[in-house]
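Coordinates in review
Below are the chains, spelled out letter by letter.
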Amino acid sequence: MGLDQNIVVHGVRERTPYTSPAEFVRENLRLRGFAVIRSSFAPEFIEEISTAIDSTYDAQCKLHGGEANLVKISDAHIVRAPCSLDDRFIAVAMDPVLQEICELVLGPYWILQNQNAVINIPGTDHYQFTWHRDLNYQHWTSSRSLGLSALLCVDPFNEVTGGTYVLPGSQHSEAFPSDRYVLENQVVVCAAPGDWIVFDSMLFHRTGQNSSKITRRGINHIIVPPIIRQQYSFPNMLAGRLKSDAERRFFGVGQEPSPSADEWRQSRIDALNV
Ligand SMILES: O=C(O)CCC(=O)C(=O)O
């Protein structure tokens, strides 16, 4: 028997109306800290992205003297900033559905802090298997979200392939909860290829272990207001490849620190004369 579907209240003066799918995502992010957005990508594009994750990973392994070196720094099976090697990852990050949620949650100005693909291979250890926040080492809470994490599911995410484990509502708690709380409240988020799992970057989460026979790939994006520094300089990595003002803004062009206070002030004076 399913749960009672009637919603009857008493003593309630304020109530959130359902207005749109995007607002519903925002409501979920605010209350439990995560939501799933169903795919608007063509399945063929997601297949291409899957292959591109593997080839960009191989290229990065070669660049750093082989995968063994990545194992030594606990960074194996992660593609760092795949958009630096392949424009299709720029297109992924600019998905209009995702950008609409960014505007609702982080507006009026938001930039990409990080883009990493996670390759979860059956029976293989991964650094992301351990609980963490995407804004690492931070133990405070904020009344509004300071970061949005957006994980594009490239393969099926479920209990067997290793869905994303989350602790609902933990973005509102300073400390990592007790082991008993974790065991009684952890939830595994399941999603299909092309879906986005979006979550508050302060939500405790981790990659689930993969006990299937297929590799499970995902691409995480951490999106923040520009007061938070980027993990890598996307303006530097993508110089000359960003086509529109929206792309330049999202990848942080114009948000780099000024070389000096004088240059910061002069650039504002110069802007008056444009
Ligand atoms: O792979 C996942 O399910 C989660 C990825 C993750 O934890 C991360 O990129 O921070």
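Below is a short write-up of the structure.

A few words on the sheet that holds strand β9 (residues 216–224). The antiparallel open sheet is built from six strands, whose spatial order is β1-β7-β4-β9-β3-β2. The two strands at the open ends of the sheet, each matched to only one other strand, are β1 (34–37) and β2 (78–80). Averaged over all adjacent pairs, the angle separating strand axes in this sheet is 20°, with direction ignored. Alignment of β1 against strand β7 (residues 196–200), held across four bridges, turns out to be antiparallel. Looking across to β7, one finds that Ala35 is bridged to Val198. Against the sheet, helix α1 (residues 21–31) contacts β1, β4 (148–153) and β7, and its axis sits at roughly 150° relative to β1. The sheet strands contacting helix α2 (residues 43–63) are β2, β3 (111–120), β4 and β9, and the helix crosses β2 at an angle near 85°.

Glancing now at the nonpolar core. Ranked by internal contacts, the top residues of the largest apolar core, which has 46 residues, are Ile53, Trp196, Val198, Ile223 and Phe251. No other element matches the seven residues that α2 contributes to this core. The next biggest cluster of nonpolar side chains, apart from the first, holds 10 residues, and it includes Phe34, Leu151, Val189 and Phe199.

Put simply, α1 and helix α5 (residues 96–106) touch, their axes get as near as 10 Å, and they point 55° apart. On the basis of their axis angle, the class for α1 and α5 is oblique. Note that α1 runs across α5; the crossing there is right-handed. Contacts between α1 and α5 involve Ala22, Glu23, Val25, Arg26 and Leu29 from the first element and Glu100, Ile101, Leu104 and Val105 from the second. Here the residues of the contact of α1 with α5 sort into six nonpolar, no polar and three charged.

How each quantity is defined
- Starting afresh in each chain, residues are numbered from 1 along the sequence in its written order.
- Only residues with pLDDT of at least 70 are given local features in this predicted model, and only at 80 or more are side-chain atom pairs given and counted; all residues enter the totals for whole chains, interfaces and linings.
- Side-chain metrics in this entry use all non-hydrogen atoms of the structure; hydrogen atoms and water are not considered.
- Strands qualify as paired when DSSP identifies two bridges or more between them.
- Each helix is a run of DSSP H or I of at least 4 residues and each strand a run of E of at least 2, with the numbering of both proceeding from the N terminus.
- For helices, the axis comes from a line fit to the C-alpha atoms of the stretch in contact; other axes are also lines fit to C-alpha atoms, and the angle between any two N-to-C directions lies between 0 and 180 degrees.
- Only heavy atoms enter the contact rule, under which two residues are in contact if any of them lie within 4.5 Å.
- Throughout this description, the term nonpolar core refers to a set of buried Ala, Val, Leu, Ile, Met, Phe, Trp, Tyr and Cys residues connected via side-chain atoms within 4.5 Å.
- Note on exposure labels: buried denotes an accessible area under 20% of the residue type's maximum, exposed denotes more than 50%, and partly exposed covers the range between, all computed with a 1.4 Å probe on protein chains only.
- For classification, angles of less than 35 degrees are called roughly parallel, those exceeding 145 degrees roughly antiparallel, those between 65 and 115 degrees roughly perpendicular, and all remaining angles oblique.
- We call a crossing left-handed when the near helix sits turned anticlockwise from the far one by less than a right angle, and right-handed when that turn is clockwise.
- Side-chain classes are defined by residue name, with Ala, Val, Leu, Ile, Met, Phe, Trp, Tyr, Cys and Pro counting as nonpolar, Asp, Glu, Lys and Arg as charged, and the others, Gly among them, as polar.

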